[in-house]
Amino acid sequence: MFVQVIRGAVRSEDDAMAVFERWLEEVRPDAVGYLGTTAGVTDDGELVVVARFASEDEARRNSGRPEQGAWWEQMEQQFTGEVRFYDCADVATFLDGGDDEAGFVQVMQSSSDGSLGAADLAAPAGDVVSAYRPDVLGGLVAIADDGTAFQVVYFTSEEEARAAEAQEMPPEVGEDMERIMRGLGDITYLDLHAPRTAS
């Protein structure tokens, strides 16, 4: 799997998501190697898109399609400044990966020190959520070439997610998660309260 993450502040959540919906309706049907997308706007007005493809080659081929380029010209006008792209070839999923039924999605961005790959992060996350977090439907970990790491977690609802995260984990679980977090450094939390998912 290959993942591309896009981040950028937008003028209007409604307008930006309307353009995204046009991609789903008009461009997605012929997209090459497309597996799914998660998109939403954070509280501070930043659009976050997580697009999944079967391979990097197919993602590149899709980017070169004329209809993709025409659509991007429309989307680009929605941003107020720099748009950041993160291409992630190191990807692993846990539980069932992304879930289109999620009522809340949290994207955690950090900087990996290189000691942990996507599989190293996904495996313990899967163990923890399967045992202690019934509110988690699944997720994925994607690491870009520059070491930027993303953990994308799909929840049943934000209410259930907040209630579950307030519960204390067993000491041994907490120690494992703390070790992982040390390898990731500072984490930026990007909450998508009204995620649009499609696959």
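Described in the following lines is the structure provided in the data block. Being a predicted model, the structure only gives us computed values, none of them experimental. (Residues numbered from 1 in each chain as written. Predicted model: local features only at pLDDT ≥ 70, side-chain atom pairs only at ≥ 80, totals over all residues. Heavy atoms only, no water.)

Attention now moves to the nonpolar core. Formed by 25 residues in total, the largest nonpolar core has its most connected members in Trp-23, Tyr-34, Leu-47, Trp-71, Met-75 and Phe-79. Secondary-structure elements contributing two or more residues to this core are strand E1 (2-9), helix H1 (13-27), strand E2 (34-41), strand E3 (46-53) and helix H3 (66-76). It is H1 that contributes the most residues to this core, seven residues altogether. Discounting residues that sit within four places of it in the chain, Leu-47 has contacts with Ile-6, Arg-7, Gly-8, Val-10, Met-17, Gly-40, Val-41, Met-75 and Phe-79. Core analysis: the next-biggest nonpolar cluster, separate from the first, contains 18 residues, Val-3, Tyr-86, Cys-88 and Ala-102 among them. (Core = buried A, V, L, I, M, F, W, Y, C linked by side-chain atoms within 4.5 Å. Buried < 20%, exposed > 50% of the residue type's maximum accessible area, 1.4 Å probe, protein only. Helix = DSSP H or I, 4+ residues; strand = E, 2+ residues; numbered from the N terminus. Contact = heavy atoms within 4.5 Å.)

Let us look at the environment of Asp-191. Inspection of the secondary structure assignment puts Asp-191 in strand E8 (residues 188-192). Sequence spacing of Asp-191 and Met-108 is 83 residues, and the spatial spacing of their C-alpha atoms is 8.5 Å. Beyond its immediate sequence surroundings of up to four residues, Asp-191 is in contact with Val-41, Thr-42, Phe-104, Val-105, Gln-106 and Arg-162. A polar atom in the side chain of Asp-191 sits 2.8 Å from the side chain of Gln-106. A distance of 2.8 Å separates the side chain of Asp-191 from the side chain of Arg-162, its partner in a polar contact. (Polar contact = N/O pair within 3.5 Å; in protein donor to acceptor, adjacent residues only side chain to side chain.)

One way to put it is that H1 packs onto H3 with a least axis distance of 10 Å and a crossing angle of 170°. By the angle class used here, H1 and H3 are roughly antiparallel. Counting all contacts with H1, which are made through Ala-16, Val-19, Phe-20, Arg-22, Trp-23 and Val-27, the residues of H3 involved are Glu-67, Gln-68, Trp-71, Gln-74 and Met-75. Among the residues making up the contact of H1 with H3, the classes are represented as seven nonpolar, two polar and two charged. (Axes fitted to C-alpha atoms, helices over the stretch in contact; angles between N-to-C directions. Parallel < 35°, antiparallel > 145°, perpendicular 65-115°, else oblique. Nonpolar A, V, L, I, M, F, W, Y, C, P; charged D, E, K, R; others polar.)

This part takes up the packing of aromatic side chains. Scanning the model with the defined rule gives eight aromatic pairs in all. Judged by centre distance (6.0 Å) and plane angle (40°), the ring pair of Trp-72 and Phe-79 falls under tilted. Under the relative-accessibility criterion, Phe-79 is labelled buried at 5%. Aromatic rings pair up to connect Trp-23, Tyr-34, Phe-53, Trp-71, Trp-72, Phe-79 and Phe-85 into one cluster. (Phe/Tyr/Trp six-rings, centres within 6.5 Å; stacked < 30°, edge-to-face > 60°.)

A few words on the environment of Arg-61. Relative to the assigned elements, Arg-61 resides in helix H2 (residues 56-63). By relative accessible area, Arg-61 is classed as partly exposed at 47%. Counting along the chain gives 29 residues from Arg-61 to Val-32, while the straight-line C-alpha distance between them is 6.7 Å.

Attention now moves to the pattern of salt bridges. All chains considered together, the criterion is met by 10 salt bridges. The residue Arg-196 makes a salt bridge to Glu-21 at a minimum N-O spacing of 2.6 Å. Of this pair, Arg-196 sits in strand E9 (residues 196-198) while Glu-21 sits in helix H1; the two residues are 175 residues apart in sequence, bridging distant segments of the chain. Each of the salt bridges in this network shares a partner with another, and the network as a whole consists of Glu-158, Arg-162, Glu-165 and Asp-191. (Salt bridge = Lys/Arg side-chain N within 4 Å of Asp/Glu carboxyl O.)

What follows concerns the environment of Gln-106. Looking at the element boundaries, Gln-106 is found in strand E5 (residues 104-111). Judged by relative accessible area, Gln-106 falls into the buried class, the value being 8%. Spatially, the C-alpha atoms of Gln-106 and Phe-155 are 8.1 Å apart, while their sequence positions differ by 49 residues. If we ignore the near neighbours within four places in the chain, the residues touching Gln-106 are Gln-151, Val-152, Val-153, Phe-155, Arg-162, Tyr-189, Leu-190 and Asp-191.

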